[in-house]
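For reference, the chains in residue letters:
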Amino acid sequence: MDFSLLFSHFPELTITGLAYGAIYALIALGYTLVYGVLRLINFAHSEVFMYGAFAAVWVLMALGGGKASGLGIAGYLLIAFLSAMTVSALIALLLERVAYRPLRKRNSPPLIALISAIGASFALSEAMGLRDKPFKWFGQENAFQDYVGRPREASPFPLKIDVVRLFSIGNYQVSNIDLIVLGAAIVMMIVLDQFVNRSRLGRGIRAVAQDPEAAALMGVNRDRVIRLTFVLGGAMAGAAAVMYLLKVGQVRYNSGFLLGVKAFTAAVLGGIGNLRGALLGGFILGVAENYGQAVFGGEWRDVVAFTLLVVILLFRPTGLLGESLGKARA
């Protein structure tokens, strides 16, 4: 163990950890929302994130976003967010319709829904990894080479944003990318939290999460609430996808797997079923990973993250903010 790197780069490790934690937190919101309403761990949510990332990449490629400059970059960035959030929301809605709703109508045991979620996750991931095959069948692979060529390799984010150092915290120069990621994540999480706690639709979500039978008797349409829950979670995953592209710069067909597991860890860490817990868990996980790799080495990054989860659950099984979505207060 070497603590010198941690102390000498403490501001940098903290800020970059918060940036990655914001990405984990936005993805974790999808796990938390679905679990709060259905008591289901939607393991295919990681692929919802991945499809949103590819949507942002492909839309910007089609629009020539790689040549943007000045104020045009802001416009293309907004398009990337809207594209990713829309596609991720639609994929999440499709998942609910195809993989979960038929099981729910048959009153299937939770284990069956969990197996369906795992199967849907692998199916969506491999479909993206084999996306060139349908075009080859119809002889169109050359026309769409930029989009389906080398499907197992990384696709770079075409929007190139110059990194501008804005101000210093300690010995770390905070960049515009750091502020975009953190600012966008915090704004979206505040908006979602206020929507769930203050809007009529949000009250419907909390009512179904607390007591679905009583909510139905009060006129709440449970199926509509469930669809809304998947759409909201998918949209947050799409926003996280763009922020991931800004930080990492590329996406692969299997990029969602590890990120999804970490986002689930963040949700459990903060208290799954609690929106503010997902935010807290994401930030703690991102910072702990950075501190851990500084002390133990980069190869221990994931070990530190999951060890932290085990330790928290040993002493507080409900997570740090173990209040369910149905009991959440504004």
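Residues numbered from 1 in each chain as written. Predicted model: local features only at pLDDT ≥ 70, side-chain atom pairs only at ≥ 80, totals over all residues. Heavy atoms only, no water.

The chain has the name Branched-chain amino acid ABC transporter permease in an unreviewed UniProt entry, where Knoellia koreensis is given as its organism. Recorded in UniProt under Sequence similarities (unreviewed entry), the annotation for the chain is "Belongs to the binding-protein-dependent transport system permease family. LivHM subfamily." (UniProt positions renumbered as here; feature names shortened; annotations may be inferred.)

Visitor: Which parts of the structure should I look at to understand the nonpolar core?
Guide: One finds Leu-26, Phe-49 and Phe-157 to be the most contacted residues of the largest nonpolar core, which totals 87 residues. With 16 residues, helix H11 (residues 222–248) is the single largest residue contributor to this core. Every residue in contact with Phe-49, bar those within four places of it in the chain, is listed here: Ile-27, Ser-88, Ala-237, Ala-240, Ala-241, Tyr-244, Ser-255, Gly-256 and Leu-259. (Core = buried A, V, L, I, M, F, W, Y, C linked by side-chain atoms within 4.5 Å. Buried < 20%, exposed > 50% of the residue type's maximum accessible area, 1.4 Å probe, protein only. Helix = DSSP H or I, 4+ residues; strand = E, 2+ residues; numbered from the N terminus. Contact = heavy atoms within 4.5 Å.)

Visitor: Can you help me understand the pairing of strand E2 (residues 165–169) in this one?
Guide: Both E2 and strand E3 (residues 172–175) contribute to a ladder of four bridges, which runs antiparallel. The residue bridging Arg-165 from the neighbouring strand is Ser-175, located in E3. Between the antiparallel neighbours E2 and E3 lie two residues, among them Gly-170 with a positive phi of about 65°. (Pairing = 2+ DSSP bridges.)

Visitor: What exactly am I supposed to notice about the packing of aromatic side chains here?
Guide: The geometry of two aromatic rings is summed up by the distance between their centres and the angle between their planes. Within the structure shown, the criterion is met by eight aromatic pairs. Ring centres of Phe-49 and Tyr-244 lie 5.4 Å apart, and the angle between their planes is 80°; this geometry places the pair in the edge-to-face category. Pair noted here: Phe-49 is in helix H3 (residues 45–63) and Tyr-244 is in helix H11, with a separation of 195 residues, a long-range link. One exposure class covers both Phe-49 and Tyr-244, and it is buried. Ring geometry for Phe-296 and Trp-300: centres 6.3 Å apart, planes at 45°, overall tilted. Note on Phe-296: relative accessible area 40%, which makes it partly exposed. Ring pairing ties together the aromatic residues Tyr-31, Phe-43 and Phe-264, which thus form one cluster. Over the aromatic face of Tyr-253 sits the side chain of Arg-152, whose NZ or CZ is 4.4 Å from the ring centroid. Just above the ring of Tyr-20 sits the side chain of Arg-301; from NZ or CZ to the centre is 5.5 Å. (Phe/Tyr/Trp six-rings, centres within 6.5 Å; stacked < 30°, edge-to-face > 60°. Lys NZ or Arg CZ within 6 Å of the ring centre and 35° of its normal.)

Visitor: Would you take a moment to explain the UniProt feature "transmembrane region" (unreviewed entry) in the chain for this structure?
Guide: On the UniProt side, "transmembrane region" (unreviewed entry) is annotated at positions that read residues 20–41, 48–67, 73–95, 107–125, 177–196, 225–246, 266–288 and 300–317 here. Secondary structure across residues 177–196 divides into 100% helix and 0% strand, with the first and last C-alpha atoms of the span separated by 29 Å. End C-alpha atoms of residues 300–317 are separated by 24 Å, and the span's content is 83% helix alongside 0% strand.

Visitor: Would you mind showing me how to read a nonpolar patch on the surface here?
Guide: A contiguous nonpolar patch, built from Val-164, Leu-166, Phe-167, Ile-169 and Leu-179 and spanning about 400 Å² of accessible area, is present on the exposed surface. A total of three residues in the nonpolar patch trace back to one element, the largest contributor, which is E2. Turning to its location among the elements, Ile-169 is positioned in strand E2. For Ile-169, a relative accessible area of 39% gives the class partly exposed. (Patch = residues over 30% accessible without salt bridge, like charges linked within 9 Å, V, L, I, M, F, W, Y side chains within 5 Å. Areas by Shrake-Rupley, 256 points an atom, 1.4 Å probe, with all protein chains shown as cover. Salt bridge = Lys/Arg side-chain N within 4 Å of Asp/Glu carboxyl O.)

Visitor: Even after reading the chapter, I still don't get helix H9 (residues 200–210), so can you show me in this structure?
Guide: For an α-helix, the turn length of 3.6 residues means that residues three or four places apart are oriented alike. Residues of H9 that are buried: Gly-202, Gly-204, Ile-205, Arg-206, Val-208 and Ala-209. Tucked into the core, H9 has its buried residues touching helix H2 (10–38), helix H8 (176–198), helix H10 (212–217) and H11. Regarding H9, its N-cap is Ser-199, as a side-chain oxygen of that residue lies 2.9 Å from the backbone nitrogen of Gly-202 further along. (Polar contact = N/O pair within 3.5 Å; in protein donor to acceptor, adjacent residues only side chain to side chain.)

Visitor: Which parts of the structure should I look at to understand unusual backbone geometry?
Guide: Keep in mind that most residues, glycine aside, have a negative phi and that most peptide bonds are trans. One non-glycine residue with positive phi stands out, namely Asn-107, at about 55°. Relative to the helices and strands, Asn-107 resides in the loop between helix H4 (71–105) and helix H5 (110–129). By relative accessible area, which is 69% here, Asn-107 ends up exposed.

Visitor: How should I be thinking about the environment of Arg-222 in this particular structure?
Guide: In this structure, Arg-222 sits in helix H11. Note on Arg-222: relative accessible area 29%, which makes it partly exposed. The residues contacting Arg-222, other than those within four sequence positions of it, are Leu-38, Arg-104, Val-208 and Pro-212.

Visitor: Mind showing me how you'd approach the side chain of Thr-14 here?
Guide: Relative to the helices and strands, Thr-14 is located in helix H2. Take Thr-14: its relative accessible area is 19%, and that puts it in the buried class. Of note is the side chain of Thr-14, whose polar atom sits 2.6 Å from the side chain of Tyr-291. Setting aside chain neighbours within four positions, we find Thr-14 in contact with Val-287 and Tyr-291.

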